[in-house]
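Geometric and topological summary
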Amino acid sequence: MEGGTAASDKRLLVLGAGPAQLGLLEAAHERGLHVIAVDRDPLAPGFRFADRRAIVSVEDEPAIDRLANAERIDGIMAPGIDFPVAIAARVAARLGIAHPLDPPTAQAATSKLRQRERFADAGVPHARYRVCSSLAEASAAAADLGFPCVVKAPDLQGQKGLGFVRDADALAEAFDTARGLARSSVVLVEELVAGREVTVNAFSAGGRFHPLSVTDRVVAEPPAFGVALAHVWPSELEPDELAAAVQAAESAAAAVGVREGPTYTQVLVRPDGPRVGELAARLGGGHDAELCEAALGIDLNRLAISAALGERLYDGAFVPDEQAGGACVRFLVPEPGVLEAVEGIEEAERSSGVVWVRSYREPGHVFGPLRRGADRAGAVLAVGDSRKEALARATRAAERIRFVTADAEALV
Ligand SMILES: Nc1ncnc2c1ncn2[C@@H]1O[C@H](COP(=O)(O)OP(=O)(O)OP(=O)(O)O)[C@@H](O)[C@H]1O
Ligand SMILES: [Mg+2]
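Everything numeric here is computed off the predicted structure, so don't read it as measured data.

A short note on the overall build of the protein chain
When its secondary structure is counted, the protein chain shows twelve helices and 19 strands. Computed over its C-alpha atoms, the radius of gyration of the protein chain comes to 21 Å, within 12% of the 22 Å expected for a compact globule of 412 residues. Of all 412 residues assigned to the protein chain, the portion counted as buried reaches 53%. Of all intrachain contacts in the protein chain linking residues separated by at least 6 positions in sequence, the fraction that spans at least 24 positions is 67%.

Points about the environment of Ala 28
Secondary-structure assignment places Ala 28 in helix H1 (residues 22–30). Ignoring anything within four residues of it in the chain, the contact list for Ala 28 reads Leu 12, Val 14, Leu 33, Val 35, Phe 49 and Ile 305.

Overview of the sheet that holds strand S8 (residues 187–191)
Strand order in the open sheet made by the four strands is S5-S8-S6-S7, with antiparallel pairing throughout. Taken across any chain shown, the strands that pair with only one partner, and hence form the sheet edges, are strand S5 (129–132) and strand S7 (163–165). Strand-to-strand twist of the sheet, defined as the mean angle between neighbouring strand axes without regard to direction, takes the value 25°. In the sheet, strand S6 (residues 149–152) pairs with S8 via four bridges, with the strands oriented antiparallel. By the bridge assignment, Val 151 is partnered in S8 with Val 189. Across the sheet, helix H6 (residues 135–145) lies against S5, S6, S7 and S8, angled at about 15° from S8, the strand it touches most.

With respect to the site of ligand 1
Neighbouring residues of ligand 1: 21 residues in total, closest Val 150, Gln 157, Glu 190, Val 193 and Gly 226. Of all the secondary-structure elements, those providing two or more residues to the shell around ligand 1 are S6, strand S10 (208–219), strand S12 (261–270) and strand S13 (273–280).

Brief notes about the packing of H1 against helix H10 (residues 300–308)
Contact geometry of H1 with H10 gives a least axis separation of 9 Å together with a crossing angle of 70°. As the angle between them shows, H1 and H10 are arranged roughly perpendicular. For the pair H1 and H10, the contacting residues are Gly 23, Leu 24, Ala 27 and Ala 28 in the first and Asn 301, Arg 302, Ala 304 and Ile 305 in the second.

Topic: unusual backbone geometry
In this structure, the amide linkage connecting Phe 147 to the following residue, Pro 148, adopts the cis form with an omega of -10°. Within the secondary structure, Pro 148 is located in the loop between H6 and S6. With omega at 10°, the peptide bond leading from Pro 222 into Pro 223 counts as cis. Looking at the secondary structure, you find Pro 223 in the loop between S10 and strand S11 (228–233). Of note, Arg 72 is a non-glycine position whose phi angle comes to about 45°, a positive value.

Considering the domain arrangement of the protein chain
Along its sequence, the protein chain is organised into domain 1 (7–109), domain 2 (128–191) and domain 3 (324–412). One C-alpha centre belongs to domain 2, the other to domain 3, and the line joining them spans 31 Å.

Describing the pairing of strand S2 (residues 34–38)
The buried fraction of S2 amounts to five of the five residues, a majority that puts the element mostly inside the structure. Residues His 34, Ile 36 and Val 38 of S2 are buried on one face, and the alternating residues Val 35 and Ala 37, pointing to the opposite face, are buried as well. Where the polypeptide runs from strand S1 (residues 11–15) across H1 and back to S2, its parallel neighbour, the crossover connection is right-handed.

With respect to helix H3 (residues 83–95)
Between its first and last C-alpha, H3 extends 19 Å over 13 residues, near the 18 Å set by a 1.5 Å rise per residue. Every buried residue of H3 is accounted for by Pro 84, Val 85, Ala 86, Ile 87, Ala 88, Ala 89, Val 91 and Ala 92. If you follow the buried residues of H3, they end up packed against S1, helix H2 (61–70), strand S4 (75–77) and helix H4 (103–109). Where H3 ends, the next residue or the one after it, Gly 96, has phi of about 75°, a positive value.

Parameters and conventions
- Residues numbered from 1 in each chain as written.
- Chains lettered and ligands numbered in written order.
- Predicted model: local features only at pLDDT ≥ 70, side-chain atom pairs only at ≥ 80, totals over all residues.
- Helix = DSSP H or I, 4+ residues; strand = E, 2+ residues; numbered from the N terminus.
- Rg over C-alpha atoms; globule rule 2.2 N^0.38 Å.
- Buried ≥ 20, exposed ≤ 12 C-beta atoms within 10 Å, placed from the backbone.
- Contact = placed C-beta atoms within 7 Å.
- Pairing = 2+ DSSP bridges.
- Axes fitted to C-alpha atoms, helices over the stretch in contact; angles between N-to-C directions.
- Near = placed C-beta within 6 Å.
- Parallel < 35°, antiparallel > 145°, perpendicular 65-115°, else oblique.
- Domains from an automatic or database assignment.
- Right-handed = clockwise from strand over helix to strand, strands pointing away.
- Expected span 1.5 Å × (residues − 1).

Structure follows, in structure tokens:
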């Protein structure tokens, strides 16, 4: 898998050193690569696995270009975050180094709108939606699609600008929020696809799509609409529903043009069939690669690193070797306030079935109420004989962890 230059001679630039990149950075470090990590937050937890830290925004393309040149990198990747996926592809193309995605493919994969246009052309099932540039257009779209509906920015992630709209009275606020945050001037209004949701974690090599872990996404209720509280494997879907969801993810990857590297596809499952919510041409940002390894014994972080370095992958790398009957990532939700201390981590790590516990923030961090993924405080990865046991073990471990917070207002 790692032929050619000795692994430790290779230099990998990773965009992001936050919670979503922790596992990848750790895997790159363990592989002995020279790891250069970029994050504008000097306290980003992933920096501890980096040989070189650059305190730069992952969206600052000129600065990333300069860094990539100066560091003579062999590969660049943006695990767990969307917008920089396109930056990584462009930087790699300008440097003339190997990369799993060409710039136009990466660009399409990072736009909810552009990928949907491709889904429509290719017949990939997806939620009905309208592109709206005014509240009047959004009102007409919502009336047509029906309430409740969903409003979102076409070019953001992590539930930024994402709104669940119960009725017509709630539309203006959701529209303004999405429009205010969006990079572009349009907003998507979508039908709400009621039903279950799975994440299809897959890997493409030489144009061949290999589905790996398919997990149930357990989500929070509005106002934290869409925020993942857990990813649980194996999925509870019936085999035919599961096969249809995987097929939808494969057709989504083909429609966007992803032939190499990881894909992370959110699929909503209705009784009449699946609807692709979104495809990301990267690793998931919720420790999905580590969950895949705990479940199937496939080291998805390492595969993604190999793809970023242009290394050849063999089909054998995608053959699952089930490690457990069930596995799950359960996210930790703190009380709002200023973080003073995190207690109980070691106890939680010792609890049965726990693979690891991650705490994302340092004391002083201010937690708001749960609205987006970024409001989560950490995660537990646990395994068990069944999905139920894995979930119960993760929950038991989570109950041992306490984020001690002080009232933020009292400190002002
Ligand atoms: N049309 C919809 N119908 C039902 N649920 C939806 C719809 N759109 C979004 N959601 C819910 O919100 C979640 C996040 O949606 P989406 O991926 O569009 O936003 P995001 O900001 O990109 O979030 P993430 O970074 O988690 O992918 C989905 O996984 C799903 O649970
Ligand atoms: Mg998304």
